[in-house]
Structure formats: structure tokens, C-alpha cells
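# Summary of the model geometry
So you can see what is in the structure, the chains are spelled out below.
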Amino acid sequence: MGGKATALDGRRLRLHVRGAVQGVGFRPYVYGLATRYRLGGFVANDPHGVIIEVEGERASDFVAALPREKPPLARIDEISVQPVGAVETAEFCIRASEQGRVSTRIVADAATCKECLNELFDRTSRFFRYPFVNCTHCGPRYTIAERLPYDRPTTAMKRFAMCKACVDDYADPRSRRFHAEAVACPQCGPKLSHEIEDIAAAIAGRKIVAIKGLGGFQLLCDARDDAVVRRLRQRKQRDQKPFAVMVGSVEAVAEIAEADAGELALLETLPRPIVLMNSRQLLAPAIAPGLSRIGVVLPVAPLHHLILDALNAAHKRGGESWAIVATSANPGGEPLLIDNSEAERRLAGIADLVVTHDRDIVTRADDSVAAVVAGQTQFIRRARGYVPEPVRLARAVPPFLSVGGALKSTVTITRGNEAFVSQHIGDLDSAEGIRFFEETVHHLLSTLDVEPVVIAHDLHPNMASTRFAEASGTRLIAVQHHHAHAASVMAEHGVAGPALALVLDGFGHGSDGGNWGGELLSCEGAHFQRLGHLAPMKMPGGDRAAREPWRMAAGVLHALQRGETIATRFAAQPQAARLSVLLEQSGVPVTTSAGRLFDAAAGLLGLCPVQSYEGEAAMKLEALVRAPCIAQDGWTIENGMLSLDPLLERIATGRIDPVVGAELFHGTFAAACIDWIGRAARETGITTVTLSGGCFLNAILARDIERGCVAAKLSPLLPRQVPPNDGGLSLGQAWIAAQKLLGQQGLEGAA
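In what follows, the accompanying structure is described. (Residues numbered from 1 in each chain as written. Predicted model: local features only at pLDDT ≥ 70, side-chain atom pairs only at ≥ 80, totals over all residues. Heavy atoms only, no water.)

### What about the sheet that holds strand S23 (residues 527-534)?
To be explicit about the condition: A pair of strands is treated as paired once DSSP finds two or more bridges between them. In this description a helix means any DSSP run of H or I spanning at least four residues, a strand means any run of E spanning at least two, and both kinds are numbered starting from the N terminus. Interaxial angle, 0 to 180 degrees, is taken between N-to-C directions of lines fitted to C-alpha atoms, where a helix line uses only the stretch in contact. Any pair of residues with heavy atoms lying within 4.5 Å of one another is described as a contacting pair.
The mixed open sheet is built from 7 strands, whose spatial order is S26-S27-S23-S22-S21-S28-S29. Each edge of the open sheet is held by one strand with a lone partner, namely strand S26 (636-638) and strand S29 (715-717). The sheet shows a mean angle of 25 degrees between the axes of neighbouring strands, direction not considered. In this sheet, strand S22 (residues 515-524) lies alongside strand S21 (residues 499-509) in antiparallel orientation, the contact comprising 8 bridges. Pairing of His509 across the sheet is with Asn515, part of S22. With respect to the sheet, helix H21 (residues 658-684) is in contact with S21, S22, S23, S26, strand S27 (641-643) and strand S28 (688-692), its orientation differing from that of S21 by roughly 130 degrees.

Set out below in C-alpha cells:
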């Protein structure tokens, strides 16, 4: 397999390419490029990425062209070039992988590429209607990889012996499937348990179907049939939380949603995230009860394309395209199911049909969820399609493991100047969730071949992640929750400080042991100072108040001297009559949480008295807003404390329309935050402002506060590579731990 080098000039160059360059067609790309420039030499995977040696007159042209024409999934972080002694070889070849300590990485799973899609529906192709067609430009990667280097024997494909046609493709440098580790065809590859026509017929027949997707099992049903969607809710015990919807093409999106160009572009990217966009309210009302936005996703795997094609071809519905619910098959909020027998057993009471196949999922990965906020991508959940792509850090740091929080958990591992944030793990409130958390830590550490010198964890002593860290025997660094939120933004933007940080969040253990959540901080290096906070509010019933917004509203009524109205205002709640007495007592927990402030506003406006999922009240409050408006006298700031009592007094009358109330709340809260930040900036002289915490998932709040900061000539930074909620916490913990350790080493070196 060689291209002749006819004019050897004795010049040979050795290149080391680092980045995501294994399993993406990089070696055949290099082979083709070297052949074009008539060079001798070789290319091989090694533990650090790819090693190349080229020899011939046009070696320097090859080096210049290498990063310009790379394959679509490749990510080049660094190319080092050094001259070496000539070998006088005229052949260019691809060598076997070199073993050793790993410092390269696997790329994320990618949606089916256009070439494979053409073959999927081409009757003359051997991949015609084959649900596992893939090549070096698409298909499973991270979810089937056991370890590095990324070669077929270290993936879930090792049990499938290739047929002659696949062997020929795999060995041909001119083929798109040269060393495509997941290559397979109907003769030799994975098999589906059911025919596509039967799956489509079940969905068209008002059935709920479970299929084995890229990162775990999914549940599918007709998204236009309210009865079947409600049946799915009942069986899955998911009362109100919205479902994502899959459509067959970008053209079909317009039938169900109002998407702008940025949202459509994000929808079509290779990671294929679920994208939030304004709903036309034409699907089953049970899809996203009380919300104005729906999550839309395009087909990710060939199986999705085949199912939707069969539905649109054999089960036509007038002029409408098919839209199907595509939601995670995880009973009761547990981690995704990935094992066939476990799925068949545990989904028997949820799905009418369970579709499996015989290719194992090594690493579970939920669908990523994103939105376009202030013109840029914002993650709600970062998982399949993006993980394990690292966040590049401003400097190299020692190897750390940080273990995040208790909700929307992720872990982060640092290696050099890269931070690898895991896929969304979920909540650590069940044995299954904790097992998945431990599994993720082990898999990432072994894949990256890293031994952490420090484990960073949340300040809260009773979190499962903190207990895991304490049991490790490794040196520990505890990081305050909201400081970690701020630091996650600083890490991805390469800011060491000083910076102001507005953190609007649900709950976090404060440095004083209090229940924090609406914080204005000043951050620099490993340190922070609390400049201010939201006015404390009572939480009658403690943690229960976080699940029942009417309780937060009752606390506000009591604080505003309207306690006598609680019993009648919330007469539907059995505890309402006793709550006034409880609120008079000492020892009622208080919080500065911005999330609880949203709950209080929703409760006062009669929205969502009891939440069935986290953030439900705030999301339903946001859904009412068309044009935010500002009550100019709606807030006060004294000694760094921001109070919205004047606004809450207006909302508390009970005579305000919920839409007007929601618009007043959003506009006034954003304006108050801008005033708060502006005062702190003038007092400190700091102009960089990080904006983080779960409340920044609110698109209106994020957009208006960012714009307000810009208008005030400040430099606002929003999280772009990780979510603003607790999914970004582990990145911030790692960055603070790194600053702390590097600072200590600097002091020791100076001593």
C-alpha cells in the first residue's frame, strides 16, 4: 500500500500530532496526502496521538497542508516537527499502533454522515437499510471504546469478525472505512432483534417502543397522540417533565417549532443535540405541559433514520411529517439502561415492544440538550456527541479528579492543559446513580491513563460525591459550591482573575454553613470573597419548600405582613392553615437562593404550587414571558444585599395577571442584578463578570443580564462549553484545586 517518492532529497521530517486524531480517518487522510506529495515514510497511532515520518522534496508542503484538510471529526491540538536522518524509502505506509502510556483521546460519537446516509437508502449498496452503517466520519466512538489506543480489539466490535468485503474496506487507504473500527455490514456485523417495518407499525399503532440507541435505550411513541404520550408519562412515572421530540429532517422542524437560523444550525451539527426552540403548540399537549419551548432532535443513528423513513413512507398522515417522542429509557430517574436482558426485564411494564441488538454499549451517554442563548450555544446537559471532548485550559495543571455535586452530577479529570468533563451522570440520590458515578470515574481515569494527585469535592459534608472522595485515600481539596460555579466559567475562558461573579443558583452549602444560592462574589486565583447576596427568605418545611413553591410564597407573604392570607390563598394545600404558626417560630431555615426566589414568585402567581421535577416552577414562569418589563422601584440594595421585596409586594396582592407578573419579575430581577453588579464593579474596579448557576438556564435572564453588563461597559462571560447548572461544577472545582496547588508549590519554591 504505497505511494512512490521519486525525488528523495535526503530530508526526512518526524511529526507528532496530538489531539482527537484516532478513530477519525486521520491515518488514511495522512496516507492520501503523502501520496499526493509523492513522499516516502509512514504514519501510526501512538499513545500520544499520531506519529508521522515523511521524506521527499515536498515534505514542507505536506506539513503546511496537514491541518488544513483534516477529516471532519479530527481535532488537532498540536503538531511538533523535527528533522531526522534520511531512510531513503520511496514507500509510504500505515504501521500498526504503538503501545505505551496513553496521552491521546477518543472522539465523541457522531451522527450518521451524508455518505453513509446515501448508502443506507441506496438499493445497490451492500449497506442498504443496514441499521449499523458507519465510517471514519461518523458512528459510535466513546460509547463502544474500552480503552486506548482506539483499535477494534479494544472496542465492543471485537466480537464481530469482518467479512471479506469489510476486510477489504478496512485495509484500503482509499476507502472511507480504512481502519474504521466499527465497520460492519449485514453479513458480519451486529443484528437488530426486530424488523424496521414492525417497529414503525408498532409506533403507528399507538404503541410505546424501546430501542437500543448509541448511549442507551430510548423510548419512542407518536408525539401527536396525546393519549399515548399520557400513557408513557403514567408508565414512566414522569408527571410533567418535558419530552424531546425527533423529526426526520430539518424541513419537518418548521411544522412543530419556530426555529431561527442559529437553532437550525445547532440541530444539524454532528453531535446532534436536543435543541430547545419555541413550540407551535401543534403536538400532543402532554409533550411539554405549561412550557413554551420544546426540545427537538434530528435522527442520530441509522436506526432512527430507518424508523422515521418507514413511518413517513408506510404510515402517511395527510400533509404532516411524523414526529416521535424520543426520551431516555431510565425508570424512575435512574441512569440509562444499556444491557439487553436488563432492559427487557425492567422496561416490560413501560414499553409494548423492546428492540435490542448485539453490539454492547460500553459507556452510557444520555442525549445532550442545548439552546441558543444570546446568539451562542448554551448546554443544559452535556453528554453524547460532546464527551469526551476536553475543555482547553490556559495552562498545564497537575492531574486532578473533581467529583462535582449531588444533582446533575459530572466529574472532571485534568491532564496537562486539558480538562475532561464527563457525560451527564445525573442525581446521586440512588444506589444506581452512585454506581454509575463510580463507573464513570473508573472509566475516565483508565481511558485517560491518569493517576490523580488530588481529589476536589463540594464543601457540603453529606454529599455522596464528598463521601466517595473521603474514602479514596487521596489528598482532598474542598471547594465552596458557588465559587466552583464561578470558576467553571473562568476555566473555560482562561481567566485567572480578578473577576466578579454573579451566581444565581438553587442550593449550595455556604462557607458559613448557610443555605446560599444568590451570590455576588469577587474571585482571584484560588480565593473568593462574598461581596453580597440576595435577601434571605424563610423556607418553611426546609427541603420540602424546594419541592413546593407555595411554601416559599407563604414565607414571602409572612415577611410582608400578609401571613393571615396564607390559609385562604393556598386552601388546596392541607398544611396551609398551620404554616402561619410555623413561620412565627424561631429556627425556620432561611436561604439566599435565587432558585427559591423564582419559586416564590411562581407560587404567588398561582403557578405550579407543587413541583414534579426540578426547575418546573421557574420554567413555567419563564414560559409566560413575551416582553419583560421593569418595575423601576422594584428592588433595594443595602450593604451588598439585594432585596426584591418591593416587587414581591406588588405580586403578593393576588390581583396581578400571571403573565404581567411573570414579565415584571423577569425584567425587574435582571435590571436589579445589573444595578448590583454595576455597583460592585465601581467599588472594586473589576470589569470582568462571570455569570453562572442554574438560573442562567433561563434564556431571558441570561440574555438581559449579559446585555446590561455590556451596556455598562463591563465584560460578561457566560458558560459555553459546560452547563451553567451543577453539570459544570466539577470543572470549576478542578480549576480552583489547580490554582490552590500551584499557588502552594509557588510559595514552597519561593521559601
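Next comes the rest of the write-up.
### As for the pattern of salt bridges
The cut-off we apply is this: Throughout this description, the term salt bridge denotes a Lys or Arg side-chain nitrogen within 4 Å of a carboxyl oxygen of Asp or Glu.
Tallied over the full model, the rule gives 40 salt bridges. Where Arg280 meets Glu258, a salt bridge forms, and the shortest distance between an N and an O atom there is 3.9 Å. Of this pair, Arg280 sits in the loop between strand S10 (274-279) and strand S11 (293-297) while Glu258 is found in strand S9 (residues 257-258), placing the two residues 22 residues apart along the sequence. Two residues, Arg679 and Asp675, come together in a salt bridge whose shortest N-O distance is 3.0 Å. Of this pair, Arg679 and Asp675 are both found in helix H21, 4 residues apart, which corresponds to roughly one turn of the helix.

### A look at the packing of aromatic side chains
Worth spelling out the cut-off: Each pair of aromatic rings taken from Phe, Tyr and Trp, with Trp reduced to its six-membered ring, is defined by centres within 6.5 Å and is described as stacked if the planes are under 30 degrees apart, edge-to-face if over 60, and tilted in the remaining cases. Charge over a ring is defined by NZ of Lys or CZ of Arg lying within 6 Å of the ring centre and within 35 degrees of the ring normal.
Counting across every chain of the model gives 9 aromatic pairs. Chaining the aromatic ring pairs together yields one cluster made of Phe598, Phe665 and Phe669. When the ring centre of Phe42 is taken as origin, the NZ or CZ atom of Arg95, which lies over that ring, is 3.7 Å away. Sitting above the plane of the Phe127 ring, Arg177 keeps its charged end 4.0 Å from the centroid.

### A look at the state of the cysteines
What counts, and what does not: The definition used for a disulfide is geometric: two cysteine sulfur atoms within 2.5 Å. For the exposure calls, accessible area comes from a 1.4 Å probe over protein chains only, and a residue counts as buried if that area is under 20% of its type's maximum, exposed if over 50%, partly exposed in between.
For the structure on display, the rule yields 0 disulfides. With no disulfide of its own, Cys166 has Cys188 as its nearest cysteine by sulfur position, at a separation of 3.7 Å. Cys185 forms no disulfide, and the closest cysteine sulfur to it belongs to Cys163, at a distance of 3.5 Å. Taking relative accessible area as the criterion, Cys185 reaches 2% and is therefore assigned buried.

### Overview of the pairing of S11
Sheet faces and side chains relate simply in a regular strand, where the side chains alternate between the two faces. Of all 5 residues in S11, 4 are buried; the element is thus mostly enclosed. Sheet analysis places strand S8 (residues 244-247) next to S11, joined by 3 bridges and oriented parallel. Within S11, the residue paired with Met246 across the bridge is Val297. Examined bridge by bridge, S10 and S11 share 4 bridges and lie antiparallel to one another. Bridge pairing in S11 places Leu276 opposite Gly295.

### Observations regarding unusual backbone geometry
Look at the link from Val387 to Pro388: it is a cis peptide, with omega at 15 degrees. Along the chain, the position of Pro388 falls in the loop between strand S15 (376-381) and strand S16 (391-397). With an omega of 0 degrees, the peptide bond between Gly497 and Pro498 qualifies as cis. Along the chain, the position of Pro498 falls in the loop between helix H13 (481-493) and S21.

### Things to note about the pairing of strand S3 (residues 49-55)
Counted residue by residue, S3 has 7 buried out of 7 residues, so it is predominantly covered. Strand direction decides the pairing type here: strand S1 (residues 12-20) and S3, joined by 6 bridges, are antiparallel. Within the sheet, the bridge partner assigned to Leu13 lies in S3 and is Val54. Note: strand S2 (residues 40-46) against S3, 7 bridges, orientation antiparallel. Of the residues in S3, the one forming a bridge with Ala44 is Ile51. Linking two consecutive strands that pair antiparallel, namely S2 and S3, is a turn of 2 residues.

### Side note on the environment of Pro190
You can see Pro190 is positioned in the loop between helix H4 (164-171) and helix H5 (196-204). On the accessibility criterion, Pro190 (1% relative accessible area) is buried. Residues Pro190 and Val489, 299 residues apart in the sequence, show an inter-C-alpha distance of 42 Å. In contact with Pro190, other than residues within four places in its own chain, are Tyr130, Phe132, Met157, Phe160, Ala184, Asp358 and Arg359.

### A look at the nonpolar core
Basically, it comes down to this: Only buried residues count toward a nonpolar core. Its members are Ala, Val, Leu, Ile, Met, Phe, Trp, Tyr and Cys residues joined through side-chain atoms within 4.5 Å.
With 125 residues, the main nonpolar core has Leu502, Leu504, Leu642, Phe665, Phe669, Ile677 and Ile705 as its most contacted residues. Of the residues forming this core, the biggest block, 12 residues, is contributed by H21. Among all residues touching Leu504, those that are not within four sequence positions of it are Gly517, Gly518, Ala594, Phe669, Cys673, Ser692, Gly693, Gly694, Cys695, Phe696, Leu701 and Ile705.

### Here we look at the side chain of Asp704
Our working rule: N or O atoms within 3.5 Å of each other form a polar contact, as long as, within protein, one can give a hydrogen and the other can take it, and as long as residues adjacent in sequence are counted only when both atoms are side-chain atoms.
Looking at the element boundaries, Asp704 is found in helix H22 (residues 699-711). Judged by its relative accessible area of 18%, Asp704 falls in the buried class. Of note is the side chain of Asp704, whose polar atom sits 2.9 Å from the side chain of Arg703. With sequence-adjacent residues up to four places away left out, Asp704 is seen in contact with Pro628, Ala670 and Ile674.

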